[in-house]
Amino acid sequence: MPSKLGKFILNVCLRIILLIILPGLLCVTPVHAATSVTFPESWDIGQAFVVALSSHTPFTEPSVTWQNRVVSLDVEPGREGYVSYALLGSYVRDVRAGNYPLVFDFIQDDHHFRVKCTVNLKAKKYPEEHLKVADKMVNPPAAEAARIKKEAQLAAAARRTMTVKRRWTTPPARPVPGIFTSRYGFRRVYNGVPGGYHGGTDFRAAVGAPVRSPFAGTVILTGDHYYAGKSVYLDSGNGVISLFFHMSEIGVKKGDFIEKGQLIGKSGATGRITGPHLHYGLSLAGQYVDAAPLFETSVTALLKGMKTEIVRP
Ligand SMILES: [Zn+2]
């Protein structure tokens, strides 16, 4: 039978051992994976949304597949260890209401994980807009057909650009201070002829007004195009491509790295226009979305109200 003193000494020794060993044990215990994805269960067609993949444990090669495009993601330090963000959306011209798959892929602890989610896209009504433009902008002369085709191919290739480094943040900087004169998604009727949807946001801007970049990024295409006029295409990573149309002067060239808010040229009245303005287009993995609401929001605000699903406990 151990004496009272013996019991006491044993107890003290155990406590000391625990005090010394326990913190050590906590330190070497592997951190729980606790990997989660955040996405909207339901969203309006044409409106941009943010999705996230986050984890306490490092992961590599993250991507998200949306509307048949694989979007390569960056891995950044986050509140929960590591996080990847994507800015996604759907083009009102091409997408109908319904359920669409959103698939995350990543490598963690030497395993490939695939997480399948569903986003319900809701129909959203965008108004019709009647515009009067030069006749050659509705019925282009046959001699211009080859040029128009080539420019469309260049633009499509630019919009397919997919780089990993995230240069975009929200809210973006306003390219010009002017008000919106025509919004995204407007069903346009040119000189009485239905001509498709407005894929961007028009800002009021006088000829010569300085145009600043909403995001940091790399210039991937510049040109003087038939419809777009003098234009600049900027890649901000993860399929986020900005388009600036109808400029009077282009102040950058292909390959230039641009900081957020940096001057890229001057607004103008070139291409298919009714008057001087800046057309700003936002293409997300090939889908034109409504940029206007983004100027008043942040990534954190965009993630609020979205669904978070633990994919590895
Ligand atoms: Zn426009």
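The structure this text deals with has already been given above.
In short, a report on the structure. Keep in mind that what you see is a predicted model, and the values were worked out from it rather than measured.

1. Considerations on the pairing of strand 8 (residues 98-108)
- The sheet contact formed by strand 4 (residues 60-66) and strand 8 spans five bridges and is antiparallel. When the bridges of strand 8 are listed, V64 appears paired with F104.

2. Remarks on the layout of surface pockets
- Looking at the largest pocket, its volume works out to about 970 Å³.
- Element by element, the count of residues in the lining of the largest pocket is highest for helix 2 (residues 145-159), at six residues.
- Both domains that furnish three or more residues to the lining of the largest pocket are identified here as domain 1 (35-124 + 302-312) and domain 2 (128-296).
- The space that makes up the second largest pocket amounts to roughly 340 Å³.
- Along its surface, the second largest pocket is lined by 14 residues, and S54, R79, E80, Y85 and L303 are the ones closest to its centre.
- Looking at the lining of the second largest pocket, the elements with two or more residues in it are strand 1 (35-39), strand 3 (49-55), strand 7 (81-88) and helix 3 (299-303).
- The element contributing the most residues to the lining of the second largest pocket is helix 3, with three residues.
- In terms of residue class, the lining of the second largest pocket is made up of five nonpolar, six polar and three charged.

3. Points about the coordination of the zinc ion
- Looking at the zinc ion, the protein donor atoms are H198 (NE2), D202 (OD) and H279 (ND1), and they sit 2.0 to 2.1 Å from it.
- On the primary sequence, the residues serving as donors to the zinc ion are separated as H-x3-D-x76-H. One end of the pair, H198, is in the loop between strand 13 (193-197) and strand 14 (200-204); the other, H279, is in strand 22 (residues 277-284), and 81 residues separate them in sequence.
- The buried category is assigned to H198, whose relative accessible area is 3%.

4. With respect to the pairing of strand 1
- By the criterion of burial, strand 1 is predominantly enclosed, with five of the five residues buried.
- Of the two faces of strand 1, the one carrying T35, V37 and F39 and the one carrying S36 and T38 are both buried.
- Relative to strand 24 (residues 307-312), strand 1 is paired through five bridges, and the arrangement is antiparallel. From the neighbouring strand, V37 faces strand 24, where its bridge partner is E309.
- Note: strand 1 against strand 3, three bridges, orientation antiparallel. By the bridge assignment for strand 3, V37 is matched with L53.

5. What to know about the packing of aromatic side chains
- The tally for this structure, following the rule as stated, stands at 14 aromatic pairs.
- Measuring from ring centre to ring centre gives 5.3 Å for Y91 and Y288, while their planes differ by 85°; the resulting arrangement is edge-to-face. One end of the pair, Y91, is in the loop between strand 7 and strand 8; the other, Y288, is in strand 23 (residues 287-289), and 197 residues separate them in sequence.
- The interplanar angle of 85° and the centroid separation of 5.1 Å between the aromatic rings of Y226 and Y227 together place this pair among those described as edge-to-face.
- Assessed through its relative accessible area of 27%, Y227 is described here as partly exposed.
- Linked through ring pairs, F180, F203, F244, Y280 and F295 together constitute an aromatic cluster.
- The residue whose ring lies beneath R166 is W168, and the NZ or CZ to ring-centre distance is 4.9 Å.
- Just above the ring of Y190 sits the side chain of R272; from NZ or CZ to the centre is 4.2 Å.

6. Some points on the sheet that holds strand 5 (residues 69-72)
- Read from one edge of the open sheet, five strands run 2-9-8-4-5, paired in mixed fashion. One side of each edge strand has no neighbouring strand; the edge strands of this open sheet are strand 2 (42-44) and strand 5. Direction aside, neighbouring strands of the sheet carry axes that sit 30° apart on average.
- By the bridge criterion, four bridges tie strand 4 to strand 5 in an arrangement that is antiparallel.

7. A look at unusual backbone geometry
- At the junction of T170 and P171, the peptide bond is cis and its omega measures out at 0° in the coordinates.
- Following the sequence through the fold, P171 ends up in the loop between helix 2 and strand 11 (180-182).
- The backbone phi angle of E61 is positive, close to 50°, even though this residue is not glycine.
- The class for E61 is exposed, based on a relative accessible area of 64%.
- Phi is positive for D110, close to 65°, though the residue is something other than glycine.
- Tracing the backbone through its elements, the reader meets D110 in the loop between strand 8 and strand 9 (111-122).
- For D110, a relative accessible area of 78% translates into the label exposed.

The rules behind each value
Residues numbered from 1 in each chain as written. Predicted model: local features only at pLDDT ≥ 70, side-chain atom pairs only at ≥ 80, totals over all residues. Heavy atoms only, no water. Pairing = 2+ DSSP bridges. Helix = DSSP H or I, 4+ residues; strand = E, 2+ residues; numbered from the N terminus. 1 Å grid on protein atoms, 1.4 Å probe; cavity = no way out; pocket = protein on both sides within 12 Å on 5 of 7 lines; lining within 4 Å. Points joined across faces, edges and corners; volume = space filled by probe spheres on them. Domains from an automatic or database assignment. Nonpolar A, V, L, I, M, F, W, Y, C, P; charged D, E, K, R; others polar. Donors = N, O, S within 2.8 Å, 3.2 Å for Na, K, Ca; no water. Buried < 20%, exposed > 50% of the residue type's maximum accessible area, 1.4 Å probe, protein only. Phe/Tyr/Trp six-rings, centres within 6.5 Å; stacked < 30°, edge-to-face > 60°. Lys NZ or Arg CZ within 6 Å of the ring centre and 35° of its normal. Axes fitted to C-alpha atoms, helices over the stretch in contact; angles between N-to-C directions.

Just distances and angles here, no functional claims.
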